[in-house]
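Commentary on secondary and tertiary structure
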Amino acid sequence: MNILSIVLMVSLITLQPSIVKPGDEVKLTIQGDDVYVIELTDSDLYFKDTMSNTINASAGEYIIKVKYTAKPGTKTVNIRYQNGSFYQTRSIIVNGFSEADLTYLIQKAGEMEEEINNLNAQIAELQKKISEGHKEPFQTPEYVKSLEDEVTSLKSELIKKDQELESLNAQIKELNKQISQLNSEIGQYQLEKVEYEKLKKLGSPTFIEFTRFGFFFMVAFTVGILISLLRR
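No experiment lies behind these values; they were computed from the predicted model shown.

1. Observations regarding the overall build of the chain
Each helix and strand counted, the chain has 4 helices and 9 strands in total. Listed N to C, the secondary structure of the chain is α-β-β-β-β-β-β-β-β-β-α-α-α in terms of helices and strands. Split into buried and exposed, the 232 residues of the chain put 32% on the buried side. Summarising the internal contacts of the chain: among those between residues at least 6 apart in sequence, 62% fall at separations of at least 24. Total accessible area on the chain is roughly 14,300 Å²; 54% of this is exposed by carbon and sulfur atoms.

Here is the structure:
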């Protein structure tokens, strides 16, 4: 394979967007005649259609799902020819949630609960058809087998949804805890400010200097917490 072929291969495969948050989707686009093996090395990423971490992919679009359990950091996508002679590495950057995402997470948790209820209803309906199919002579074994395969697939999807909902609820709980701590620090800062104003009126240089030190320490501490939240 010459250098031109390698350059073309790289340019024909794109990921969009490359920076996401847990729960988002990434579109992988392939153009050209070759068939590639695409591997997601992080178990918290999977291909939406197959619900697997590895696929054989030709020209087309493929959706990569980022689970809510995904930890912040750089996730690797390995691309190689089927004969294994070449592979190319791509990256997806996953950012963490911040306080501003709390409403979004709560909404997603509600939507996921509804999806889980729908999956359970579909599984129950299929299991009913399977039970009836075994009793009805005109139902072929192949038909019943196709229903059983569909149930297996839905149960696999249900497990993933349950795990993601559990992770969502954990994220919501953690953000609420952080917000509560931040509000407590802000309240303490406000009390310090009131005390500083009182001592300032007393006119004592010693008291003023001492309180000024505590005041600015609290300001720096609170700003540090805010910056930490925004960087998540």
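Next comes the rest of the write-up.
2. Section: unusual backbone geometry
Cis peptide bonds are those with omega within 30 degrees of zero, and the linkage from Gln-16 to Pro-17 qualifies with -10 degrees. Position of Pro-17 relative to the elements: it lies in the loop between strand E1 (13-16) and strand E2 (19-20). Although it is not a glycine, Met-51 sits at a positive phi angle of roughly 55 degrees. For Met-51, the position within the fold is in the loop between strand E5 (45-47) and strand E6 (54-57).

3. Details of the nonpolar core
With 23 residues, the main nonpolar core has Ile-30, Ile-38, Ile-64 and Ile-92 as its most contacted residues. Those elements giving two or more residues to this core turn out to be E1, strand E3 (25-30), strand E4 (36-40), E5, E6, strand E7 (60-66), strand E8 (73-81) and strand E9 (87-94). If sequence neighbours within four positions are ignored, Ile-92 has contacts with Leu-15, Ser-18, Val-20, Val-26, Leu-45, Ile-64, Gly-73, Thr-74, Lys-75 and Val-77. Counting residues in each nonpolar core, the second largest holds 21 residues, with Leu-154, Leu-165, Ile-172 and Leu-175 among its members.

4. Some words on the sheet that holds E9
The strands making up a sheet are joined through hydrogen bonds of the backbone, oriented either antiparallel or parallel. Overall, mixed pairing links the 5 strands, which are arranged E2-E9-E8-E4-E6 in an open sheet. A single partner strand is all that each edge strand has here, and the edge strands are E2 and E6. Here 2 bridges tie E2 to E9, and the two strands are oriented parallel to one another. The partner of Ile-19 across the bridge, within E9, is Ile-93.

5. Let's talk about the sheet that holds E5
Here we have 4 strands laid out as an open sheet, ordered E1-E3-E7-E5, and antiparallel in their pairing. Whereas interior strands pair on both sides, the edge strands pair on one side only; in this sheet they are E1 and E5. Here the strands of the sheet are splayed against their neighbours by 25 degrees on average, with no regard to which way each runs. The pairing of E1 with E3 spans 4 bridges and is classified as antiparallel. Bridge assignment links Thr-14 to a residue of E3, and that residue is Thr-29.

6. Digging into the layout of surface pockets
Its boundaries defined by the atoms lining it, the largest pocket holds a volume of some 240 Å³. As for the largest pocket, its lining consists of 14 residues, and the residues nearest its centre are Tyr-46, Lys-48, Lys-65, Glu-115 and Lys-161. Elements represented by at least two residues in the lining of the largest pocket include exactly helix H2 (102-135) and helix H3 (141-202). A total of 4 residues in the lining of the largest pocket trace back to one element, the largest contributor, which is H2.

7. Let's talk about the environment of His-134
One can find His-134 in helix H2. Note on His-134: relative accessible area 57%, which makes it exposed. Residue contacts for His-134: discarding those within four places in its chain leaves Val-144 and Glu-148.

8. Some points on the pairing of E9
Direction of pairing for E8 relative to E9: antiparallel, over a ladder of 8 bridges. Bridge pairing links Val-77 to Arg-90 in E9. Hairpin remark: E8 followed by E9, antiparallel, with 5 residues in the connecting loop; positive phi at Gly-84, about 80 degrees.

9. Notes on the packing of aromatic side chains
Going through the model one piece at a time under the given rule, you end up with 2 aromatic pairs. Arranged with centres 6.5 Å apart and planes meeting at 40 degrees, the rings of Phe-97 and Tyr-104 form a pair that is tilted. With a relative accessible area of 28%, Tyr-104 lands in the partly exposed category. In this structure, Lys-160 packs its charged tip against the face of Tyr-46, placed 4.6 Å from the ring centre.

Parameters at a glance
- Residues numbered from 1 in each chain as written.
- Predicted model: local features only at pLDDT ≥ 70, side-chain atom pairs only at ≥ 80, totals over all residues.
- Heavy atoms only, no water.
- Helix = DSSP H or I, 4+ residues; strand = E, 2+ residues; numbered from the N terminus.
- Buried < 20%, exposed > 50% of the residue type's maximum accessible area, 1.4 Å probe, protein only.
- Contact = heavy atoms within 4.5 Å.
- Areas by Shrake-Rupley, 256 points an atom, 1.4 Å probe, with all protein chains shown as cover.
- Core = buried A, V, L, I, M, F, W, Y, C linked by side-chain atoms within 4.5 Å.
- Pairing = 2+ DSSP bridges.
- Axes fitted to C-alpha atoms, helices over the stretch in contact; angles between N-to-C directions.
- 1 Å grid on protein atoms, 1.4 Å probe; cavity = no way out; pocket = protein on both sides within 12 Å on 5 of 7 lines; lining within 4 Å.
- Points joined across faces, edges and corners; volume = space filled by probe spheres on them.
- Phe/Tyr/Trp six-rings, centres within 6.5 Å; stacked < 30°, edge-to-face > 60°.
- Lys NZ or Arg CZ within 6 Å of the ring centre and 35° of its normal.

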